[in-house]
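Analysis of the macromolecular model
Chain by chain, the residues run as shown.
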Amino acid sequence: MSRRPPRTSYGYLAPPGARVRGWQCDNDGCGSSDEPAPRSWPHPCRLCGRPTDAVFEEPWAHEARIYRIKHDMRASDAYRRELAQVEQHVWAYKDALLRDDRAAAGRAWQAYRAARPPRWKETGWWGASVTLTEMIWLTSRFGDLDQAVNEVLEWYPSVDTRDVENDNNRRTISRLFVSMCIYVLECESSIDHPREAEVHAAMRDIAARVEGVLMDHHHRGFQRIGELRAFHRTRAAIAAARRSAAVARDGLPPLSWPVARGETPGPPAQDDPRDVVRTLASNPRRGLRLVDAAIEAAQTHDDIRPLADLAHHLGTTRTCPSLAHLVRARLHVVTGELHAALRELEHASRADDLFAPHLRPQILATRALLLVHTHPDDLDGGIALCRAARQAGVRWWRRLTPADQSLARLLLRRASASETPAAVRFAADIREALRLMRRRCRVWRVHTADDRILLHEARAAHDALTGRRNDERRHRAWRDSVEDPWSTAGRARLAAAWAEWAVGTGVAEFAAEAYQQLVALAARDAIARQGAGARQRVLTAAQEYAEEAGYWLARTGRYREAALALETGRSVGLTGAGPIGLDMSYDDITAETGDGAIVYLAAAKAGGYALVVAARHDPQYVDLPKLDRAAVAGIVGRVLPEADASTGLARLVERDLAPPEQSRPRTDPMAEGLRTLWNDALRDLVLLHARGQVVTLVPIGLLNLLPLHAAGEPGHPGDEFTQWRHVGNFSAIRYAPNARGLRRCRDTARELAGRQPTLLAVDVPDGHGVSPAGHLRYVAVETAEVTRRWTGSATRPIHACTWEQFRAAADQHTVWHLACHGSAEAGSIMDSRLYFADRQVTLADLGRALQPAQRRLAVLSACRTNLTGSALPNEVVGLPSALIQIGFAGVIAASWAVDDLATTYLMTAFYQRWCRDGHEPAVALNRAQLWLRAATRADLTAFLPGLDPAGGPGEYPYVDPRYWAAFAYTGA
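Residues numbered from 1 in each chain as written. Predicted model: local features only at pLDDT ≥ 70, side-chain atom pairs only at ≥ 80, totals over all residues. Heavy atoms only, no water.

For the protein, the name recorded in an unreviewed UniProt entry is CHAT domain-containing protein, with Luedemannella helvata as its organism.

Let's talk about the overall build of the protein
A count of helices and strands for the protein gives 39 helices and 17 strands. Its C-alpha atoms give the protein principal-axis dimensions of roughly 100 × 95 × 50 Å. The buried share among the 972 residues of the protein stands at 56%. Partitioning the intrachain contacts of the protein with sequence separation of at least 6 by distance along the chain shows that 70% fall at a separation of at least 24. Counting 123 positive and 115 negative side-chain charges, the protein places the averaged centre of each group 6 Å from the other. (Helix = DSSP H or I, 4+ residues; strand = E, 2+ residues; numbered from the N terminus. Buried < 20%, exposed > 50% of the residue type's maximum accessible area, 1.4 Å probe, protein only. Contact = heavy atoms within 4.5 Å. Lys, Arg positive; Asp, Glu negative; His and termini not counted. Charge placed at Lys NZ, Arg CZ, Asp CG, Glu CD.)

Quick look at the nonpolar core
Counting residues in each nonpolar core, the largest one holds 85 residues, and the members touching the most others are Trp552, Tyr600, Phe806, Trp816, Leu818, Leu834 and Phe836. Ignoring anything within four residues of it in the chain, the contact list for Phe806 reads Leu760, Val762, Cys801, Trp816, Leu818 and Phe836. Within the second largest apolar cluster, 78 residues are counted, among which are Ala603, Val636, Val859 and Leu947. (Core = buried A, V, L, I, M, F, W, Y, C linked by side-chain atoms within 4.5 Å.)

Quick word on the pattern of salt bridges
Scanning all chains against the criterion turns up 61 salt bridges. Notably, a salt bridge pairs Asp72 with Arg80, separated by 2.6 Å at the nearest N-O pair. (Salt bridge = Lys/Arg side-chain N within 4 Å of Asp/Glu carboxyl O.)

Brief notes about the pairing of strand β11 (residues 815–819)
Counted residue by residue, β11 has five buried out of five residues, so it is predominantly covered. Because side chains alternate across β11, one face comprises the buried residues Val815, His817 and Ala819, and the other comprises Trp816 and Leu818, equally buried. Summarising the sheet, strand β9 (residues 759–763) and β11 pair through five bridges and their orientation is parallel. In the strand pairing of β11, Leu760 is matched with Trp816. The sheet contact formed by β11 and strand β15 (residues 855–861) spans five bridges and is parallel. Note on β15: the bridge partner recorded for Leu818 is Leu860. (Pairing = 2+ DSSP bridges.)

Here's the deal with the sheet that holds strand β14 (residues 840–842)
Pairing is antiparallel across the open sheet formed by three strands, whose spatial order is β12-β13-β14. Each end of this open sheet is capped by a strand with a single partner; those strands are β12 (821–823) and β14. Across this sheet, the average inter-strand angle for adjacent strands is 20 degrees, counted without regard to direction. Pairing between β12 and strand β13 (residues 833–835): three bridges, direction antiparallel. Paired with Ser823 across the bridge in β13 is Arg833. (Axes fitted to C-alpha atoms, helices over the stretch in contact; angles between N-to-C directions.)

Points about the confidence of the model for the protein
In this model, the protein carries a mean pLDDT of 84, and residues with pLDDT of at least 70 account for 91%. In this model residues 643–666 is a low-confidence stretch, pLDDT under 50, and it forms 44 contacts with partners more than four residues away in sequence or in other chains. (pLDDT = per-residue confidence, 0-100.)

Regarding the packing of aromatic side chains
Taken as a whole and assessed by the stated rule, the structure comprises 27 aromatic pairs. Arranged with centres 5.2 Å apart and planes meeting at 55 degrees, the rings of Tyr12 and Tyr67 form a pair that is tilted. You can see Tyr12 sitting in the segment before β1 (20–24) and its partner Tyr67 sitting in helix α1 (residues 60–73), a full 55 residues away along the chain. The buried category is assigned to Tyr12, whose relative accessible area is 3%. Classification of Tyr67 as partly exposed rests on a relative accessible area of 39%. Ring-pair connections join several aromatic residues into one group, and the members of that group are Tyr551, Trp552, Tyr559, Tyr609 and Tyr621. Taking the ring centre of Phe943 as reference, the NZ or CZ of Arg789 above it sits at 5.2 Å. (Phe/Tyr/Trp six-rings, centres within 6.5 Å; stacked < 30°, edge-to-face > 60°. Lys NZ or Arg CZ within 6 Å of the ring centre and 35° of its normal.)

What about the sheet that holds strand β2 (residues 33–34)?
The sheet built from three strands is open, its strands ordered β2-β1-β3 with antiparallel pairing. With one partner strand each, in any of the chains shown, β2 and β3 (53–56) form the two edges of the open sheet.

A few points about helix α3 (residues 102–115)
The end-to-end C-alpha separation of α3 is 20 Å, in line with the 20 Å expected for 14 residues at 1.5 Å each. Within α3, the full set of buried residues consists of Ala104, Ala105, Ala108, Trp109 and Tyr112. Considered in projection along α3, the buried side chains sweep an arc of 145 degrees and stay on one side of the axis. Of the exposed residues in α3, those oriented more than 90 degrees away from the buried face are Arg107 and Ala114. (Expected span 1.5 Å × (residues − 1). Arc of directions from axis to C-beta.)

Structure (C-alpha cells):
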C-alpha cells in the first residue's frame, strides 16, 4: 500500500506532493465517486470492488484532465469520442487563460465553436450544453465577459422549457442555462455591462418557466446577484447623495481658524448683526465664530434670516468687504445659487481690507469646492486652488489651515474617481490627504465630524493602496467615531459615510450595523431640524435607508433590530416628533399586536422581504426574492393611473368582464399589477405566515404606493379553486404608518369609546370645476342610506355641501362621511383635493383650516383619496395621514377611481356591519367588500330597492375587484 496515488486508468502519473481530494471509479457500468481522499492506494471501489482513480486538486486536476481527454478520444464509445473532441478545446481555452495568453484563448474559443456538432441547439445535445457551461464559467472567472454574454444570448432563444418535469434532457439544459446566466451576472464587471439587462431578462424568463425544477444553488445564485448589485448601487447612491449639489454646504470650510482643545467653543448665533460686527472689531476670532454660528443655523435649520441680516449689514457698513462677499457667498450656497456664490468669491479674493489676508484660505478653499460641485471634471483646478489656499495660511509656526479639509477631500475624490492603474498613479494624493487629516485630527485639536469622516476615508484608501486592508479594525473605528458626542447632523453624516464604506466591503454584517445607525440618526436629524425645507432635505436623502437596513439586519439574523429599523425609518414626520417619538422598543411593537399581526413589508435593492410581528418572540422573516426595488418600481409605473383628460378626474378602468375562456387576454395594468403582487409576495404571506381576523400592513418605501389590500386574482363566487385568491379573503387588512401611529390611533379610539358618536354625512354630486360628465348620480342616495343605518346621535345629510358648510359643522362631529369627487397625483400629493360645491379644497387647505381634535372615523367616499406621495413614500404624505394627524383614529379611502353606484352599495353595507352588527371598522369594511363581490342581482335589489344594479354582465354584477376592492382602512 502507498500514500502516493498510482498511475490512473487513463495514463496520468501525478508528481510527488500532488494533493488528492477524492476518488472516482471509471470502470464501465459503475461511475461512483466520493470524498475525501483515501489514506492509501490502490483504493477499491465500494460498489464494484475494482481499483479507482484519484481525483486531484488544482493545478494537478488540470494536468490530469488532458490525459483523460486524449484517452477518451481513442475510446470505442462514439459518444465519449465526440465529447472528448469538444472538451479538448475547453481544456486549451482554460490553459491559455491560466498562462494569460489571450490570443491563444481566442483561438481555442473559435476552435471550440467549430467543434460543436451542427444543429446542437435544436437537437439539445447534452454534451455541448455541459461544455458551454464550463466555458461560460471560465470566461466569467477570468474576465472575458463579452464572449460569455454573446454566447448566452445566442443560445437563449433555443432553450426548450416544455414539459421539463418529465423530460430529463430539457430539464438539465434549462438548469444549465440558468447557471450560465448566474456565472455571468455574479461577476462585478457585469454591472453596467451594455448587455447586462438582456442577460438578466433571459435568466428571469427561463427561471420563471422552470421555477419548479430549479435547485437550491440557483436560488442562492439569484440572491448573490441581487446582493452584489445592491452593494454596488447602494454605495453609488449614498456617494452621490453625499456629493450632490444639494449637500454642497456640508463640506465647506468654517470661517474661523482651528482651535486647540480646551478653548471656548463656538457661541450661539446672534440675532443682531450689529453685535456681530462690534465683536469682529474687538475680538476677531470670537466674531468669526459668531459668523460660523449664523452659517450653521442657516445650513442646519434653513433659518437664513440671521445670516441674511448679517450679510446686509456688512455690505452697508463697508468695513470688511472680503468678509461681506464671503458671507454673501455662503448665503447663496444655502439658497442653492452656486454660480452667484462663485461670483461673490471672485470679488472676495480681490478685496484688500485688513481681514482679507486672514480670510484668503477660506475664500480660496470655498471657491475650490464650489468649482468642483459645478464643474465635476475640473478636479485639478479645484486642487490647485486649495493648494494656493493652504499656501496662503501656512506659517513656520502653524502648519494647520482652514483649507486642509477641502484639499484632502478633493485629493481623495481624484484618487477614488480613477481606475485601479490610475489610483496607483495618484498614490501621492492619498498619502497627502492622510497626512493632512491626521494632523487636523490630533487629540489636542478640536475637529469636526467631517474631519473624522475624511480621516477614515483617507485611512481606508491608504489601506487599499498598500494592501494592508483590515476591515474589522476599520469597522470598529467607524463605530467609535459615530458614538462620539458630535451634533446629531454630524453623527448622521458620519453614519452615511460609514454605510458607504461598509457596503463597499461586501460584508453583510458591516452593512447591517452601519445602516442600523444611519436609520436611527437620520430620523433624529430630521426631527431636530427646525425648518420644513431642512427636514424634507434630510428625509429625501433617507428614503431608501430603512428598507436597506432591514434587509441587511435580517440577512445577518438580527430580526428584532430589522423590525425596529423599519419602524424607526417610517413616517418620521408624522409620528417621530409626537409624545411617543422614536424611542420604541421591540416590546412596544409587540404590544400593538393584540388584535392581529403587524407585517412590515419592504423591497430592498437585493430583494423583497416581510417581517411578521405576532407575539413577543422574534419576528418571522419571509423572503420575497421577486419583489426587489426594481420590480416594485415597475409595478408602480403600471398601476398608478392617469387622469381623464375630459373631466380632470381619475377614470374607472374598463375591462372585458366575460369569462376567461370567452375573453381576450387581459391587458389592464392595474389587474396585472395586483396579480403580480399576489403571486410574488402576498399569496404565501397570507396563506402561511400572517393570519388572523385583522392583519396590519406597514409597507415600506415604494410598496407604500401600491394597493396591497387589493392584491389577488379572485375567480367567480362558488369556484372553490379560484375564489379565495385575494388578500381580503383571509383577513381584514388595515394599514398603519408604523406601530407608533397605530398606538396613537388606538389611544384615540379607546378614549372615544365611552362617548356618543356623531355623524357628519355630506354629498356633492357636482363638484366645483367638474364638467357635467362628472355628475355623481347616486351620492345623495348613499348619504341617505348611511344616515338611515347610523345608530349614534340623530343626523341628517347635507346635500350639495359647500366648503363653508362643512367647516362650520366639522368640529361638532366625530365621524365624517364625504361622498364627492376626489383627485390625487402621487407626484404632486400636496395638490390632492376634495371637490365641494363652491370650491376645491387641497390637502394643504385641510391642514390649515381644520383644528386637531379626537375623532373616530373619516370615510372619504371619493376617487383616489388613498394615494400617497411618491417623492417621500416612507413619509406617507396623503389625505389619510393628514386626517390622522388632526386626530382621527381611522380613515377609509379609495385607491383608484370607483363606480358611483357600487360605492353606494358598499358604503351602505359597511355602516350596516359597523353600526348595526358591531364589527370594528376594518372588519366591517372587509365583510362589506366580500358581500358586494358575491352579491347577486337579486341580493342587491333586496338590499336597496328602487336601484337597478349596473356593473358587469352576469349574475354577479360587482364580482370584479375594481368595484369592491378599492377602499382601504388606515388606523385603529
